[in-house]
Amino acid sequence: MKKILFTLLVIISTVVSAQKFEGLAQTPPLGWNSWNTFATDINEQLVKDIADKFVTLGLKDAGYEYIVLDDGWMAKERDANGNLVADPVKFPSGIKALADYIHAKGLKFGLYNCAGNTTCAGYPGSRGHEYQDAKLYASWHVDFLKYDWCNTENINAIGAYTTMGNALIAAGRPIILSICEWGDNEPWKWAGTIGQQWRVTGDIINCWDCEVGHGSWSSSGIWKIINMRKDIRKAAGPSNWNDYDMMEVGNGMTNAEDRSHFAMWTMLTSPLIMGNDIRSATPETIKTLSNKEVIAVNQDKLGIQGFRFTNENDLEVWIKPIENNAWVISFVNMKEVPVEINFDWTKHEIGDNVNNKQLKVKEKTYKIRDLFNHKDFGDTSKVLKTTIGVHDVFMIKVY
Ligand code: GLA
């Protein structure tokens, strides 16, 4: 009993003493991260090219903002003063110059480190250097820090993330803290006072519903990730986001699967962080990623995380209330054959008890908008009929 009380006290005191910058990430951050495609094989030219593509491909215009360098940007050793240094071969001009390049394009810049002694890929971690590292990031004009959880031995997660959060506050530059402890310590229960987003699962992989083992850990496909956590949606809201990991859109699934993946990340109010090589992406991939009507669902000001309505007969139906008493509904066909849907509005009670919102189809007729095809799609006075291709999504706004 004493032990439980003590643990509770430690948790309460660390939560109470945690701080974070107000006003950051009022809607889920949109951006790109190097890890899914490049792992540690990153360099300065690559990042500059990505920044250029943000502009020329219209991704910046669609709302993408953060360019985040994941693991592998550092030299293997700190310098004589204990400061982190960029790998001199990969980043000969240094990190500040790269941040300046990205800022000059009106974009923001992020870096990665880890709460352990070393990062997951074996570079110097921040443990014991939190305040020093935060100061360095601020001096380099970093805007976003992804903070990982490898090689942490038995340290306390709330304590470790609180220390880094407070170090960022002390350094004085508003930096988003992206917590990445894979959901191991249920961050949706405590991370909202420390960071702006927190990973809810282990690593994603580019498949529809597979799981790939790597010895002591495994990575999960899109639907494994979606199904891994229950009852966490209440934690989401402005400045607090459940992070379902960097996206795999454009990384080898079908275009239909990519559309469904993208739709689901927007429904879940996950940060939308591209993880593909946008330099060589197909027009279809860019079309999916830059779909402003779909992105608007993710960026809706209410910040209410969507949830599963039903999943009978291999048809996933997800709903999300948005501003102005409107709703978004996504139908995803899980079957290996196209499916025809007949959705009779009068037979379904669409509502969100947590947020006290209802779709009142019996009282009024709502208009329907097909968000992927940018078309009006009739209204709720008639049964909704359409055909959805294999693993594709039909995503509508009802307003
Ligand atoms: C962990 C994270 C990944 C990535 C790698 C880098 O696995 O979950 O997203 O940052 O580390 O080594």
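Residues numbered from 1 in each chain as written. Predicted model: local features only at pLDDT ≥ 70, side-chain atom pairs only at ≥ 80, totals over all residues. Heavy atoms only, no water.

Things to note about the overall build of the chain
And step 1. Counting its secondary structure elements, the chain contains 11 helices and 20 strands.
And step 2. Projected onto its principal axes, the C-alpha coordinates of the chain cover approximately 70 × 55 × 40 Å.
And step 3. For the chain, with 399 residues in total, the buried portion stands at 56%.
And step 4. Intrachain contacts of the chain at a sequence separation of at least 6 include 69% that bridge at least 24 residues. (Helix = DSSP H or I, 4+ residues; strand = E, 2+ residues; numbered from the N terminus. Buried < 20%, exposed > 50% of the residue type's maximum accessible area, 1.4 Å probe, protein only. Contact = heavy atoms within 4.5 Å.)

Brief notes about empty space enclosed by the protein
And step 1. Counted by the stated rule, this structure contains 2 cavities of 30 Å³ or more.
And step 2. Quantified by volume, the largest cavity comes out at close to 90 Å³.
And step 3. The set of elements that each furnish at least two residues to the lining of the largest cavity consists of β4 (144-148) and β6 (197-199).
And step 4. When grouped by side-chain class, the residues that make up the lining of the largest cavity number 5 nonpolar, 3 polar and 4 charged.
And step 5. Space inside the second largest cavity adds up to approximately 30 Å³.
And step 6. Looking at the second largest cavity, the residues that line it are Q19, K20, F21, G165, L168, I169, I175, L177, I194 and Q196.
And step 7. At 3 residues, helix α7 (residues 157-171) tops the list of elements feeding residues into the lining of the second largest cavity. (1 Å grid on protein atoms, 1.4 Å probe; cavity = no way out; pocket = protein on both sides within 12 Å on 5 of 7 lines; lining within 4 Å. Points joined across faces, edges and corners; volume = space filled by probe spheres on them. Nonpolar A, V, L, I, M, F, W, Y, C, P; charged D, E, K, R; others polar.)

Remarks on unusual backbone geometry
And step 1. In this structure, E186 is a non-glycine residue whose phi angle is positive, near 50°.
And step 2. Of note, E186 is situated in the loop between β5 (176-179) and β6.
And step 3. We classify E186 as partly exposed; its relative accessible area is 37%.
And step 4. Positive phi, close to 60°, is recorded for D314, a residue that is not glycine.
And step 5. Residue position: D314 is located in the loop between β11 (307-310) and β12 (315-322).

Considering the site of the ligand
And step 1. D70, D71, K146, D148 and D203 are the nearest of the 13 residues found near the ligand.
And step 2. At a separation of 2.7 Å, an oxygen atom of the ligand approaches a polar side-chain atom of D70.
And step 3. Take K146: an N or O atom from its side chain is 2.7 Å from an oxygen atom of the ligand.
And step 4. In isolation the ligand offers 300 Å² of accessible surface; the protein chains occlude 94% of this area. (Near = heavy atom within 4 Å. Polar contact = N/O pair within 3.5 Å; in protein donor to acceptor, adjacent residues only side chain to side chain. Areas by Shrake-Rupley, 256 points an atom, 1.4 Å probe, with all protein chains shown as cover.)

Some details on the sheet that holds β5
And step 1. A sheet is described by the order of its strands in space; here 8 strands give the open sequence β9-β6-β5-β4-β3-β2-β1-β10, paired in parallel fashion. Unpaired on one side and paired on the other, β9 (241-243) and β10 (272-274) mark the two borders of the sheet. On average, each strand axis in the sheet is tilted by 25° relative to the strand beside it, whichever way the strands run.
And step 2. Pairing of β5 with β6, which is carried by 2 bridges, proceeds in the parallel orientation. Directly across from I179, in β6, lies its bridge partner W198.
And step 3. Most of the contacts of α7 go to β4, to which it runs at about 160°, and overall it touches β4 and β5. (Pairing = 2+ DSSP bridges. Axes fitted to C-alpha atoms, helices over the stretch in contact; angles between N-to-C directions.)

Here's the deal with the layout of surface pockets
And step 1. In this structure, the largest pocket occupies an estimated 420 Å³ of space.
And step 2. In terms of lining, the largest pocket is formed by 21 residues, of which the most central are C120, C150, W182, D203 and W217.
And step 3. If you list the elements that add at least two residues to the lining of the largest pocket, you get β4 and β8 (218-220).
And step 4. Each residue belonging to the lining of the largest pocket can be placed in one class, and the counts come to 10 nonpolar, 3 polar and 8 charged.
And step 5. Reported here for the second largest pocket is a volume of approximately 340 Å³.
And step 6. Forming the walls of the second largest pocket are 19 residues, and the residues nearest its centre are K230, D231, I232, R233 and F307.
And step 7. Among the secondary structure elements, those contributing two or more residues to the lining of the second largest pocket are α8 (222-228), β11 and β15 (351-352).
And step 8. Taken together, the residues of the lining of the second largest pocket sort by class into 7 nonpolar, 5 polar and 7 charged.
And step 9. Counting only domains with at least three residues in the lining of the second largest pocket, you end up with domain 1 (10-298) and domain 2 (307-398). (Domains from an automatic or database assignment.)

Points about the domain arrangement of the chain
Frequently, the measure chosen for interface size is the accessible area removed from exposure when the parts meet.
And step 1. Assigned domains of the chain: these are domain 1 (10-298) and domain 2 (307-398).
And step 2. Taken over C-alpha atoms, the centre of domain 1 sits 31 Å from the centre of domain 2.
And step 3. Roughly 2000 Å² is buried in total at the junction of domain 1 and domain 2, and carbon and sulfur atoms are behind 65% of that figure.
And step 4. Ranking the residues of domain 1 by area buried against domain 2 places R233, M267 and E293 at the top, with a combined share of 32%.
And step 5. Between the two partners, domain 1 and domain 2, sit 3 salt bridges.
And step 6. For the salt bridge of E293 with R369, the shortest nitrogen-to-oxygen distance reads 2.9 Å.
And step 7. The interface formed by domain 1 and domain 2 holds 11 residue pairs in polar contact (both at pLDDT 80 or more) in total.
And step 8. Per element, the largest residue contribution to the side of domain 1 that touches domain 2 is 8 residues, and it comes from helix α9 (residues 255-267).
And step 9. By residue class, the composition of the side of domain 1 that touches domain 2 is 10 nonpolar, 6 polar and 5 charged. (Buried area = accessible area lost by both parts, 1.4 Å probe. Salt bridge = Lys/Arg side-chain N within 4 Å of Asp/Glu carboxyl O.)

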